[in-house]
Amino acid sequence: MASEVHSDDSQVMSGSIQVVEFILGDEKFAIDLFDVREVVEYTRISALPNSPSYIKGIIDLRGEITTIIDLKDRLNIMRKNDRPDEESRIIVLDENITKKKVGIMVDDVLSVSTFEMNQVDRTGAADVDDDSSILGIIKKKTKVKDKDLTDLIIWIEIKQLLGDMLKM
Amino acid sequence: MKEGKASKIGNMKIGTKILIICLALVIVPTVLLGVIAYTSASAALEEQVETEFELRVSESAKQADAVYTLTMDILEAGLNVLRSEFQSYGTPQIQNGQLVLVDSAGQVTVVNDNNAMVDDVVNQVGGAATIFQVQGNQAIRVATTVIGADGRRALGTPVSQPVYDAVVVRGETFYGTANVVGVDYITVYEPIRGPGGAVIGILFTGVKEDATLGVLINDFKNTVIGQDGYIYVFNSEGTAVLHPTLEGQSLAQYDFIQDMLGQKEGLIHYEWEGDDKIAAFTYYEPLDWYIAAGADWADFTGPIDAIRNAILIIVIGAVIIGGAIAVLFGRNIARRMGDLVNLGRRVQEGDLSGTMQTDGSGDEIGQVAGAFSGVVSTIQQFGSEMNMISAAASDGKLDIRGDQAKFKGDYALMINGVNDILDAVIGPLNVAAEYVDRISNGDIPEKITDEYKGDFNEIKNNLNKCIDAVNLLVNDANMLANDAVEGKLDTRADAGKHEGDFRLVIEGVNNILDAVVKPIKGMGGAMNKISNGNIPGKITREFKGEYNELKNSVNRCIDAINMLIDDANVLAGAAVEGKLATRADASKHQGDYRKVIDGLNNTLDAVVQPVNEVIRVADSYANADFSTRFSDDVAAKGDMERLKNALNNVSTQISQSIGEVNRMMGELAAISEEANASIEEVSSGAQQIAKNTGHVSENSEKANNGVVQVLRAMEDLSAAVEEVTSNSESVASMARNANDQSREGAKLAAAAEQGIGEISQSAGDVDKIIKGINEQMDQIGKIVGLIADISNQTNLLALNAAIEAARAGDAGRGFAVVAAEVKSLAQESGSSAESIANMIGELQVQAKRAVEAMGTANSAVEAGSDQMEKTIVAFNEIVQSVEQISRAIEEVASASEEQAATVEQITASVHEVSSLIDENAREAGDAAAATEEASAGIDEVARMVENVSAVANKTLQANQQFKLAK
């Protein structure tokens, strides 16, 4: 199943997708599993001078300098003051999509999940401006106290989202 | 030691000093010059000689080298010729025990006993040549030009062993000196090698030593160095190769030879057969030669000795000439200095009579002599001036001063100094003289306070001491005198404070006082007794001089007083007995004592006349004649006059009194009559009283009725009081009851308070336990936090594992399941930890509330405790109040009882009043009777008044008989 999935959009139309779910603010988001290298805990981020506000800074990840991007800032999601930075997570992106090591800072990482393509609504995404890089909305069915609930997960294309920056 | 030397030099005569100086001036430079010349000359000469020796030796060595090189060239040439000759016959081999040469054509030439080759070589180059064949351990001559001692070719003889070793054994070419068949040769041996390279023979060429080095040695032998110096040669073993006397012998035993062997090249001084020798030497190695050129050192020192001798001669000559000059001048100076010294000594010893003979020379000594003469005359002048001053001073003319104008410089200063000394002496002397003068005139001055120096200060101190001593003496004398004047004869001065004769003076004064005081005290005692009326016996003690007269006077005084007392006693006794006519005999007494007795007699006379007059007047008074008066003819003075006046007064007073009595009696009679009239009035009053008494009796009965009514009311009151009393008692018993109840209440309250205290303690315990639980919960909270952290980490790990597994594709699927499982477990444990944390939080809140509740309960309990305490206090107050009430009621009860008693008393009193009223009525009746009796009494009084009137009249008549003074 995983072998059928590729990071290229066109081939995700049928079959299933594997994503990493995470939280930004109140909403759930997902990015392609193969864009993810690993998830690490927050460590102190050294700010870089004279850089865009969504570039949080850099960390030393096992000897490698890794640039940290605040995804909330990038996506213009309101920052909630009650969550301290220390509780956030960093999703380190796979090197195959970036020239240098990049991590994105998210509020929490939930799980690695597999969804069938019929669970993905791509029509909603089409309405939105290209710039948002939303691939689609995943409808995830969960059971809470014998009640069927549908969670909506915003599936984004991280490569496009970070676009220019990753070409640096 | 050093000083001794220095003083020795100092004490030397001037002539000697000059001599020493001149000699030193002559000898020191000459000797120095000589030494320098000698040493520099000898050093130059030595250097020259040494250079010459070294040159000679090196020339010799060069010569030897030239000879040796030449010899070697000859040897080399010979060897080359021999070798080419030898090899021209072919290559050497051993065939049939013979040394053969085989040429390329195969022709064999036997070398053994074939002398053609060697002879040919010797003919060409000279010297000697030999071919050896190695046979066994030897090399045997097989062809030679060397002729043996027997005059034949020395064939068949072996080569010497050192050569064999070097050439055959080691395969070297040997150069050197060698003894060849008894003759010394300079040689070269070269090995012959066979086809296999083995040494099979030796080629030899040699030159006789005599022909080469012998020439050199002869040359050396003929060389003379200096007068009889020579060249000698020895080898490294010390054996003399060339020496005029010791050739062939070993020189190694000589130290200088050893030095040379050690140094190999240089210059050496040594001793040889008693002579100083010098030798230059060098080593020529190829021949193993030490070449030395030696000579007697004396051969070269001749010029130096000449210089030395010349210097010696010059020094000696200079010493002699210098000494002579020095002695000449020195004597002249020394003589004149001696004169000066003698003069100086004389001046030193005070003999100023001498003068200096000036020899007219103008040098310094002459000037010194002139100056010295001037000094002498100045000192003479100075001395006479000093003599004058001292003579004047010893004559006491202290105002004489030296004339400093006569002198110059320090002499003037000295005279001035002497004058100053005199001034300095005279000032204090004058002060001392003035003080002594004042002291001698009795005017003790104040202490000298000025500061003087040295002995003047001593004088000042002595004067001050003298002033102190005199002051002390004067003070003590004043003290004794004052005390003596004031009669304090026991006062003595403390002689210990004084010294010397002052002490004697004070002791003398004390003794005088002692001598005076004893008799005075004796007499004083006697006089004292006399004055106290206690006449003592005569003083029997013996005194001296005037003290004895004093004693006799006192004794006479005692006699006179005793006699006087006796007479006075006689007169007094007579007077006591009323014998006023008795008189004492005044003629027995003398002076004032007689006057005393006369006075006594006169006194008696003065008393007796008035007494007789008194008797007369008193008699007259006794006869009721008060008109008699104390006769003015009788002299009555003092107390007698008072007696006289008293008597006269008696007469006057009594006359007046009787007159007065008479007058009053008349008045009494008149008053009695008036009284009579009054009594009648009283009588009528009494009758009125009797009437009033009847009224009183009536009123008493009315009062009695009122009293009976009061009595009835009192009985009612008594009943009421009894009621009150019984009520009070029941209240009292109730109060006691209340009291008991209150006490019970207080006890119960105390028990409750104790219970509350226990509750409070329990609440504290609970509080503590809850706090402990809280702490433990905190601990659990921490652990739960740790678990949450771990589950968080695990979660992350699981997530990463899941990512990895997913990325791995099919291979990672199993792992993905595990990762998902781990993740869910981690999440579960995380949520569990969270719920535990929440529960703990809840529990902590509850516990906090429990603690708060407990605190509230505690404070409530404490409030209850306070209330309880207040209750107890209230109970106690109740008890007190009830007790007060009880007491009050008891008081009321007792008061009621008292009231009852009082009512009864009142009742009794009313009864009494009733009876009193009865009595009153009765007495009123009695009073009426008494009034009548009083009327009768008044009548009696009227009668008595009349009697009085009659008595007064009678008295008047009686008084008429007194004769009264007008």
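Residues numbered from 1 in each chain as written. Chains lettered and ligands numbered in written order. Predicted model: local features only at pLDDT ≥ 70, side-chain atom pairs only at ≥ 80, totals over all residues. Heavy atoms only, no water.

Enquirer: Help me understand a nonpolar patch on the surface in this model?
Expert: On the surface, Leu312, Ile316, Ile320, Ile321, Ile325, Leu328 and Phe329 of chain B cluster together to form a nonpolar patch covering roughly 750 Å² of accessible area. Phe329 of chain B gets classed as exposed once you look at its relative accessible area, which sits at 53%. (Patch = residues over 30% accessible without salt bridge, like charges linked within 9 Å, V, L, I, M, F, W, Y side chains within 5 Å. Areas by Shrake-Rupley, 256 points an atom, 1.4 Å probe, with all protein chains shown as cover. Salt bridge = Lys/Arg side-chain N within 4 Å of Asp/Glu carboxyl O. Buried < 20%, exposed > 50% of the residue type's maximum accessible area, 1.4 Å probe, protein only.)

Enquirer: How should the nonpolar core be read in this particular structure?
Expert: For soluble globular proteins, the rule of thumb is that nonpolar side chains tend to be buried together. Counting residues in each nonpolar core, the largest one holds 50 residues, and the members touching the most others are Phe53, Phe86, Val111, Ile131, Phe220, Trp289 and Ile291 of chain B. Non-local contacts of Phe53 of chain B, meaning those with residues more than four positions away in its chain, are made with Ile225, Leu267, Ile278, Ala279, Ala280, Ala293, Gly294, Ala295 and Phe300 of chain B. Val36, Val106 and Val109 of chain A together with Ala806 of chain B belong to the second largest nonpolar core, which has 27 residues in total. (Core = buried A, V, L, I, M, F, W, Y, C linked by side-chain atoms within 4.5 Å. Contact = heavy atoms within 4.5 Å.)

Enquirer: Could you clarify how one ought to interpret the pattern of salt bridges in this entry?
Expert: Where charged atoms of side chains with opposite charge meet at close range, the side chains can pair. In this structure the tally under the stated criterion is 27 salt bridges over all chains. As a salt-bridge pair, Arg807 of chain B and Asp94 of chain A come within 2.1 Å of each other at their nearest N and O atoms. Residue Arg807 of chain B is located in helix α14 (residues 639-808), and its partner Asp94 of chain A is located in the loop between β6 (89-93) and β7 (102-106); the two belong to separate chains. Judged by its relative accessible area of 21%, Arg807 of chain B is partly exposed. (Helix = DSSP H or I, 4+ residues; strand = E, 2+ residues; numbered from the N terminus.)

Enquirer: What is the right way to look at the sheet that holds strand β1 (residues 91-95) of chain B in this model?
Expert: Think of a sheet as strands paired side by side through backbone hydrogen bonds, with each pair either parallel or antiparallel. All names here are of chain B. Spatially, β1-β2-β3 is the arrangement adopted by the three strands of the open sheet, whose pairing is antiparallel. The outermost strands of the open sheet, each flanked by one partner alone, are β1 and β3 (108-110). With direction set aside, neighbouring strand axes in the sheet form an average angle of 35°. In this sheet, strand β2 (residues 98-102) lies alongside β1 in antiparallel orientation, the contact comprising five bridges. Bridge pairing links Ile94 to Leu99 in β2. (Pairing = 2+ DSSP bridges. Axes fitted to C-alpha atoms, helices over the stretch in contact; angles between N-to-C directions.)

Enquirer: I would appreciate a short explanation of the interface of chain B and chain A in the present structure.
Expert: Many analyses report the size of an interface as the accessible area lost when the parts associate. The interface of chain B with chain A comprises 15 residues on the first partner and 18 residues on the second. For the chain B face of the interface with chain A, the top three residues by lost area are Leu796, Ile803 and Arg807 of chain B, together amounting to 40%. In this structure, the connection of chain B to chain A is made through two salt bridges. Our enumeration of links across chain B and chain A arrives at seven residue pairs in polar contact (both at pLDDT 80 or more). Those elements that provide at least two residues to the side of chain B that touches chain A are α14 and α15 (813-959) of chain B. (Buried area = accessible area lost by both parts, 1.4 Å probe. Polar contact = N/O pair within 3.5 Å; in protein donor to acceptor, adjacent residues only side chain to side chain.)

Enquirer: Help me out: how do you make sense of the pairing of strand β4 (residues 55-61) of chain A in this one?
Expert: As a general feature of sheets, a regular strand has side chains that alternate between the two faces. Bridge analysis of β4 of chain A against strand β5 (residues 64-70) of chain A gives six bridges, and the strand direction is antiparallel. In the sheet register, Ile55 of chain A faces β5 of chain A, and the bridge partner there is Ile69 of chain A.

Enquirer: Help me understand the environment of Gln119 of chain A, please; the structure alone is not making it clear to me.
Expert: Residues and elements named next belong to chain A. Here Gln119 is to be found in the loop between β8 (108-116) and β9 (120-121). For Gln119 and Ile138, which are 19 residues apart along the polypeptide, the C-alpha to C-alpha distance reads 5.8 Å. Non-local contacts of Gln119, meaning those with residues more than four positions away in its chain, are made with Ile137, Ile138 and Lys139.

Enquirer: Would you mind showing me how to read the packing of helix α10 (residues 454-485) of chain B against helix α11 (residues 500-531) of chain B here?
Expert: Residue and element names in this part refer to chain B. One can describe the packing of α10 onto α11 by two numbers: an axis separation of 10 Å at closest approach and a directional angle of 5°. What the angle tells us is that α10 and α11 run roughly parallel. Only Phe502, Val505, Ile506, Val509, Asn510 and Leu513 of α11 make contact with α10, whose side of the interface consists of Ala469, Val470, Leu473, Asp476 and Leu480. Residue classes in the contact of α10 with α11 are distributed as nine nonpolar, one polar and one charged. (Parallel < 35°, antiparallel > 145°, perpendicular 65-115°, else oblique. Nonpolar A, V, L, I, M, F, W, Y, C, P; charged D, E, K, R; others polar.)

Enquirer: Just to check I follow, could you spell out the domain arrangement of chain B for this structure?
Expert: With domains assigned, chain B is organised as domain 1 (44-304), domain 2 (365-440), domain 3 (444-534) and domain 4 (700-956). Of note, the centres of domain 3 of chain B and domain 4 of chain B, computed from C-alpha atoms alone, are 97 Å apart. (Domains from an automatic or database assignment.)

Enquirer: Where do I start with the sheet that holds strand β10 (residues 134-143) of chain A in this structure?
Expert: Residue and element names in this part refer to chain A. Pairing is mixed across the open sheet formed by six strands, whose spatial order is β8-β1-β2-β11-β10-β9. Two strands lie at the open edges of the sheet, namely β8 and β9, each paired on one side alone. In terms of strand pairing, strand β1 (residues 16-24) meets strand β2 (residues 27-32) through six bridges, oriented antiparallel. Counterpart to Phe22 in the pairing with β2 is Phe29.

Enquirer: Just to check I follow, could you spell out the pairing of strand β5 (residues 138-144) of chain B for this structure?
Expert: Residues and elements named next belong to chain B. Of all seven residues that make up β5, six are buried, and the element is covered over most of its length. Inspection of the sheet shows strand β4 (residues 128-135) paired to β5 by six bridges, in the antiparallel sense. Among the inter-strand pairings, Phe132 is bridged to a residue of β5, identified as Arg141. Two successive antiparallel strands, β4 and β5, enclose a turn made up of two residues, where Gly136 displays a positive phi of approximately 65°.

Enquirer: Help me understand the packing of aromatic side chains in this model?
Expert: Each aromatic ring pair is specified by the distance between its two centres and by the angle formed by the two planes. Under the criterion given, the structure shown has 15 aromatic pairs over all chains. Ring geometry for Phe382 of chain B and Phe407 of chain B: centres 5.6 Å apart, planes at 85°, overall edge-to-face. Of this pair, Phe382 of chain B sits in helix α8 (residues 364-394) while Phe407 of chain B sits in the loop between α8 and α9 (409-440), placing them 25 residues apart in sequence. Neither Phe382 of chain B nor Phe407 of chain B differs from the other in exposure class; each is buried. Linked through ring pairs, Tyr230, Tyr232, Phe234, Tyr283 and Tyr290 of chain B together constitute an aromatic cluster. Lying across the ring of Tyr54 of chain A, Arg74 of chain A places its NZ or CZ 5.6 Å from the centre. Positioned above the aromatic ring of Tyr435 of chain B, the side-chain terminus of Arg438 of chain B is 5.8 Å from the ring centre. (Phe/Tyr/Trp six-rings, centres within 6.5 Å; stacked < 30°, edge-to-face > 60°. Lys NZ or Arg CZ within 6 Å of the ring centre and 35° of its normal.)

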